[in-house]
Amino acid sequence: MTQDEMKKAAAIKALDYVKDDSIVGVGTGSTVNHFIEALATIKDKIQGAVSSSEQSSERLKAHGIEVFDLNSVDVLDVYIDGADEITKHMHMIKGGGAALTREKIVAAVAKEFICIADNSKQVPVLGNFPLPVEVIPMARSYVARELVKLGGDPVYRQGVVTDNGNVILDVYNLDIIDPLTMENNINAIVGVVTNGLFAHRGADTLIIGSPEGAKVILPL
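Since the structure is predicted, the reported quantities are computational estimates derived from the model, not experimental observations.

Trainee: Can you help me understand the pairing of strand β6 (residues 110-118) in this one?
Mentor: One face of the sheet, then the other: side chains in a regular strand alternate in exactly this way. For β6, a buried count of seven out of nine residues is recorded, marking the element as mostly surrounded by other parts of the structure. By the bridge criterion, five bridges tie strand β3 (residues 76-81) to β6 in an arrangement that is parallel. If you follow Tyr-79 over to β6, its bridge partner there is Phe-113.

Rendered as structure tokens:
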């Protein structure tokens, strides 16, 4: 089974968590693209979706799925999204697609966060994947200097502007032993919108695509 086939297996399994007549929180990324394809097969059973990016919104609309503004929705039963890295404690690094801020917002509203990923995303310690940090443009250099003080090597992601009009710094060489504290420390830097550590709001359930098919994993 290829990596893409493993992503697809996890995405299809996530349909088990979608309730009839609900509004579904939908994330961003290659695995989520498979989920959107799968969601389209049951679109007549749901009200629609709230999306974490313009890219996903366009995909949902192309499949005839109504996209709601999150401000018009009180609560979401479930949010389905991928991860760049995830540990056994369900702490994640997200934001490789630069949608981390909206992903955090939608995840905060959802009762349940289902992470879908292939088995290459499971790691013992976060930080091998560079940590994305969304930054107000005028604060980019200042934030970079502060991130160096925290032990990281920030690199400006050239040519990328988020859906919120901001920029991304990718922070390399962080061994994130305490994700909760690191998430707080980075978010406390003036000029940071948010960072890609999903520790305070981690996943509730992980669906891993493997050569044997989709496996459901619960946090330790």
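Next comes the rest of the write-up.
Trainee: Even after reading the chapter, I still don't get helix α5 (residues 140-149), so can you show me in this structure?
Mentor: Residues spaced three or four apart along an α-helix face the same direction, because each turn holds 3.6 residues. Taken together, the buried positions of α5 are occupied by Val-143, Ala-144, Glu-146 and Leu-147. One side of α5 holds all its buried residues, which, seen down the axis, span an arc of 165°. Exposed residues lying more than 90 degrees from the buried face of α5 are Arg-145 and Lys-149. Buried residues belonging to α5 abut β7 (131-135), β8 (153-156), β9 (167-172), α6 (179-187) and β10 (192-195). Gly-151 sits one or two residues past α5 and shows a positive phi near 100°.

Trainee: Hey, could you run me through the environment of Gly-196 in this one?
Mentor: On the secondary structure map, Gly-196 appears in the loop between β10 and β11 (197-198). A relative accessible area of 0% places Gly-196 in the buried class. Each C-alpha atom, one on Gly-196 and one on Gly-96, is 8.6 Å from the other, the two residues being 100 residues apart in sequence. For Gly-196, the contacting residues outside a window of four places in its chain are Met-92, Ile-93, Lys-94, Leu-100, Leu-131 and Pro-132.

Trainee: Looking at this model, I keep getting lost on the packing of helix α1 (residues 3-13) against helix α2 (residues 30-39). Mind explaining?
Mentor: Helix packing for two helices is described by the angle between their axes and how far apart those axes are. Packing of α1 against α2 brings their axes to within 8 Å, and their N-to-C directions diverge by 50°. When the interaxial angle is binned, α1 and α2 end up oblique. Seen from above, α1 lies across α2 with right-handed handedness. Between α1 and α2, the residues in contact are Asp-4, Lys-7, Lys-8, Ala-11 and Ile-12 and Ser-30, Thr-31, His-34, Phe-35 and Ala-38, respectively. Here the residues of the contact of α1 with α2 sort into four nonpolar, three polar and three charged.

Trainee: Honestly, the sheet that holds β10 in this entry has me stumped. Any pointers?
Mentor: Two modes of strand pairing occur in sheets, parallel and antiparallel, and in both the strands are linked by backbone hydrogen bonds. Ordered by their spatial adjacency, four strands build an open sheet running β8-β9-β7-β10, and the pairing between neighbours is antiparallel. The open sheet has two edge strands with one neighbour each: β8 and β10. Averaged over neighbouring strand pairs, the angle between their axes works out to 30° when direction is ignored. Two strands pair when backbone bridges link them, and β8 and β9 are joined in this way by four bridges, in the antiparallel orientation. The residue bridging Val-155 from the neighbouring strand is Asp-170, located in β9. Helix-sheet contacts for helix α4 (residues 100-109) involve β7, β9 and β10, and the interaxial angle to β10 is about 70°.

Thresholds applied
- Residues numbered from 1 in each chain as written.
- Predicted model: local features only at pLDDT ≥ 70, side-chain atom pairs only at ≥ 80, totals over all residues.
- Heavy atoms only, no water.
- Buried < 20%, exposed > 50% of the residue type's maximum accessible area, 1.4 Å probe, protein only.
- Helix = DSSP H or I, 4+ residues; strand = E, 2+ residues; numbered from the N terminus.
- Pairing = 2+ DSSP bridges.
- Arc of directions from axis to C-beta.
- Contact = heavy atoms within 4.5 Å.
- Axes fitted to C-alpha atoms, helices over the stretch in contact; angles between N-to-C directions.
- Parallel < 35°, antiparallel > 145°, perpendicular 65-115°, else oblique.
- Left-handed = near helix turned anticlockwise from the far one by under 90°.
- Nonpolar A, V, L, I, M, F, W, Y, C, P; charged D, E, K, R; others polar.

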